Each structure stands twice: as C-alpha cells, then as structure tokens.
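Per-entry structural report
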Amino acid sequence: MTVVTRFAPSPTGRLHVGNIRTALHNWLLARRSGGRFLLRIDDTDAARSREEHVEAIRADLQWLGLTPEREERQSARFAIYEAAFERLVAAGRLYRCYETAQELELKRKVLLGRGLPPIYDRSALKLTDEDHAAKAAAGEQPHWRFLLDHDTPIEWVDGIRGPQHFDPKQMSDPVVRRADGSWLYMLPSAIDDVDMGVTDVLRGEDHVSNTATQVQMFAALGAQAPRFAHEALLTGTEGKLSKRLGSLGVADLRDSGIEPQALVALLARLGTADPVDASLDAAALAASFDLSRFGRAPARFDEAELERVNAAVVHALPFAEVADRLPGGMGEAAWEAIRPNLNHVGEAAQWWQVVTGPVAGPEFDAETREYLDQAATVAALLDWTTDPWGALTAALKDATGRKGKALFLPLRQALTGMDHGPDMKALLPLIAKDEAVRRLGLDGMR
Ligand code: GLU
C-alpha cells in the first residue's frame, strides 16, 4: 500500500520550527517509500485563518524543498463533512448538547472537588424529543458531541510511543461541532484522513488524546484508522518550549542566513540520537529516516548547532546554487576560494571586497616594510598564470631565509588587510597582478 502522509497546518500564523519539523518528517516518511505527501490547509476556522498565512506556508515549504504532491483545503470540503455528519447522526454517534461554557465549567469544578476526573456526564443524552423541540422553540442551537463507545477499549501501536491504551469511560465525549455550525478540528480531520487515503499520521505528542478519540471516529466512519506516531515536543536549549522557539519562523531563519539544507539536515535528526550530517541530501535523509530512531524525551533545538550545520552546508554549496546571491563580478573561482571561510553566504561580500580592494594593512615596522618591498619586486616579475602564491613565497623564502609566520603573515596582511582568511593560494590569483604589487609595495599601503 502506498504510504500517504499529510501536513495539516492551521493558517492562523506563520510556521515555526516545530511545525517545520512535523512537515519535514511527514515528507521524509512519504519519500522514504516512494509515497505521497499532502498539504492540507486546516482552515475551518474562518475567523482566524488568513490567506497571507496560507501563502507563507506554501512559500516556506517550497523554500525547504518539501513540495507537496497535492494541496487540499478544509474550507472547500464542508459538503463532505456535512454528509459524514448526517450519517453519524443517523447512526446515533453524534448527539445534541446545550450546556453553556459556564455550566460545563461548574460541572468540572464539582467533579474535581469530589476528587473525580472531570468527565462530561452525558446528561444531554437524556433529553427527549420534546426537550429538543422546546430548546429549538426557545431559539437555542445545540452543539454536537461524538458518542464514545465505552465498550471498546482504544488501542493503537504508536510508531514512536509504542502500544497505547485508553479507556473511553475515562474520556469526555468530544465536542465536534459548535452551536453556530462551525467545526472543531477533530472530526473533519478524521473524515479527510479517510477520504484522502492517509496511511500515516505523524504529529506532535500534544495530539495523543485527540488520537484516542479519533481512533473511534475512524471506526464510526467505517474506516480503518491510519498508523499513528506522535513525536516528543521540541524544546529550546534551556529545556523548555521557549517563546523564542515558538515564534522562530522560517522567514527569520532565512533572513539570518540559514540555508534550507541546514535546517532540513538538523530537523531530520532532531529527536534521535543519530548524528546530524550536513552532507546528506534530501534523498539520503529520506532513505535513512526511521521512526524507531525517535525517542520519547523532548527534542532539543539548538540554534548554535544549526549555525554549525549551516557552515558545513555553505562550505559545500556549488557556485550555481549561490551565484544570484553573490556580489556582482564574483565568479566561481572566487566562490570556491572564499566559501570555506563563511558561516553564511551573505558574508561572501566582505571577502569579495578583500579581493577587489581597497584594503588597508597595519603599520609595518621598517624591517617588514623592506621585506614587503622586496615581495612587491618579486611579484612584479612573476608569471601570474599558475600558482602565483606558491611561486612568490618560494622565491621569497630563498631570497630572505624567512619561513613560517615571518614569511607568510606580512604578505597576507599587506594583500588582504587581515591576519586570517581564505587560503592565499586560492585568493591571490583573484587579486590582479598589478593590484597585488601595489598592495605589497609602499604605494599600496600608504
Ligand atoms: N490543524 C491541526 C494542527 O495544526 C492538525 C493536526 C493533525 O492532525 O496533524 O494542530
């Protein structure tokens, strides 16, 4: 059976790191077995859903390379929910309730006060047809609850948490539809999962109790439940779900110079004990994606680690992938010379400036000044076409007896204005010969 997964965000805000991890893992799970990955926009809540968020979700997924096979929107599927609703009402699995939020809260408090679990008492089930007629006549609209089957224990083998068992008698019948006719998330989601052939539901562990009720909804819909897996929540380095993490969005990361490959490489492994490998591409990450590697302990998202992975990704980025983000005139050789020194692609500009100049070196002492003048003379006579740095330093070593730092550092300082930086062997050919001679010589430094 083809694996079908889905990412089902509510477009009520931007995607944050936690959502992205869920999207990525669903994508990897599908990719791993040549399956399908769907994007389902959970926009039944018209008041809170925004088109701009839908667009941002699409753009974020595209930037990350997590292209969905298909996109569905819950707001276009109300007729389907209505039909399933009618069937469940006819089958006696949905029932009308009229309690206000205050009444329910009071019931909860009374139960808790008696040391009992705050389970809904099903008193609305006792209402007669006359009661309902009287409510309707008084203009009261019902909300609807799903009648849990108390005689069938709820069980599933969770792909991450292992065997799960819930006693439906210990659960409240969930409200599935509000008095104004609007839907809560649970029932439409189960209807969609059946309708769209979803085989694997992978989501955060905050959904475990929803899954327990949905297991019975699948049965009531006459469908087989998909496989479920619930991931441990994401925490920041402080061990808590920090505010920063909850608001850290794709756009923030992109703007701070994070490459999609870095985010994907890190998030693919987050929650496992497996090492993060920046060199793995999406296909390799998918091939090695394995739910059984994920633990139940909270997964720590460490921005410092993301920066390290990002640097490793940048060091391997081919020119073609970054060309349009580099300063004008900067070619492939320059990119390859400079990229080992970058944490972010955006820093290339500062090294390109070192190539194009002007650069300002330190004040050299008289002896070093003399050495550099000699270097300028040697450089002026060099064949610049093959390894000028090798030729320059070999000639100067012979002529002066200098070696190591005394040989190299003044040259680097005069040529780049810095004490460290890209490999001079790669950098020097990029600096035109005349310019290099000028930087080494007196003229260049004054
Ligand atoms: N819209 C729900 C959410 O964002 C979907 C949960 C799910 O079924 O994956 O929490």
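Conventions we followed
Residues numbered from 1 in each chain as written. Predicted model: local features only at pLDDT ≥ 70, side-chain atom pairs only at ≥ 80, totals over all residues. Heavy atoms only, no water. Helix = DSSP H or I, 4+ residues; strand = E, 2+ residues; numbered from the N terminus. Rg over C-alpha atoms; globule rule 2.2 N^0.38 Å. Buried < 20%, exposed > 50% of the residue type's maximum accessible area, 1.4 Å probe, protein only. Contact = heavy atoms within 4.5 Å. Areas by Shrake-Rupley, 256 points an atom, 1.4 Å probe, with all protein chains shown as cover. Lys, Arg positive; Asp, Glu negative; His and termini not counted. Charge placed at Lys NZ, Arg CZ, Asp CG, Glu CD. Salt bridge = Lys/Arg side-chain N within 4 Å of Asp/Glu carboxyl O. Pairing = 2+ DSSP bridges. Axes fitted to C-alpha atoms, helices over the stretch in contact; angles between N-to-C directions. Near = heavy atom within 4 Å. Polar contact = N/O pair within 3.5 Å; in protein donor to acceptor, adjacent residues only side chain to side chain. Nonpolar A, V, L, I, M, F, W, Y, C, P; charged D, E, K, R; others polar.

Now for the overall build of the protein chain. When helices and strands are tallied, the protein chain shows 21 helices and twelve strands. For 446 residues, the compact-globule estimate of 2.2 N^0.38 gives 22 Å, and the protein chain exceeds it by more than 25% at 32 Å. C-alpha extents for the protein chain along the principal axes are approximately 110 × 40 × 40 Å. Burial status across the protein chain gives 47% buried among its 446 residues. For the protein chain, long-range pairs separated by at least 24 residues make up 74% of all intrachain contacts whose partners lie at least 6 apart in sequence. When the accessible surface of the protein chain is summed, it comes to about 21400 Å², and 53% of that surface belongs to carbon and sulfur atoms. Placing the 52 positive and 64 negative side-chain charges of the protein chain at their respective mean positions leaves the two points 3 Å apart.

Quick look at the pattern of salt bridges now. The final tally for this structure, using the stated rule, is 28 salt bridges. R227 is the partner of D200 in a salt bridge, and the nearest nitrogen-oxygen pair spans 2.8 Å. One end of the pair, D200, is in strand 9 (residues 200–204); the other, R227, is in strand 10 (residues 227–231), with 27 residues separating them in the sequence. The exposure class assigned to R227 is partly exposed, which follows from its relative accessible area of 47%. The shortest N-O distance in the salt bridge between D387 and K425 comes to 3.3 Å. Here D387, found in the loop between helix 16 (366–381) and helix 17 (388–400), pairs with K425, found in helix 19 (residues 424–427); they are 38 residues apart in sequence, far enough to count as distant. On the accessibility criterion, D387 (31% relative accessible area) is partly exposed. The partly exposed category is assigned to K425, whose relative accessible area is 45%. Overlapping salt bridges, with partners in common, bring together R6, R40, D42, R77, D192, D193 and D195 in one network.

Looking now at the sheet that holds strand 8 (residues 175–177). The three strands are arranged 4-5-8 in an open sheet whose pairing can be described as antiparallel. Each edge of the open sheet carries a strand with a single partner, namely strand 4 (94–97) and strand 8. Sheet twist, expressed as the mean angle between neighbouring strand axes with direction ignored, is 45°. Pairing geometry for strand 5 (residues 143–146) and strand 8, over two bridges, is antiparallel.

So, about the site of the ligand. Surrounding the ligand, one finds R6, A8, S10, D42, Y185, S189, R203 and H207. Between the ligand and A8 there is a distance of 2.8 Å, counted from a nitrogen atom to a backbone nitrogen or oxygen. With the chains in place, 79% of the 300 Å² that the ligand exposes on its own is no longer accessible. When grouped by side-chain class, the residues that make up the shell around the ligand number two nonpolar, three polar and three charged.

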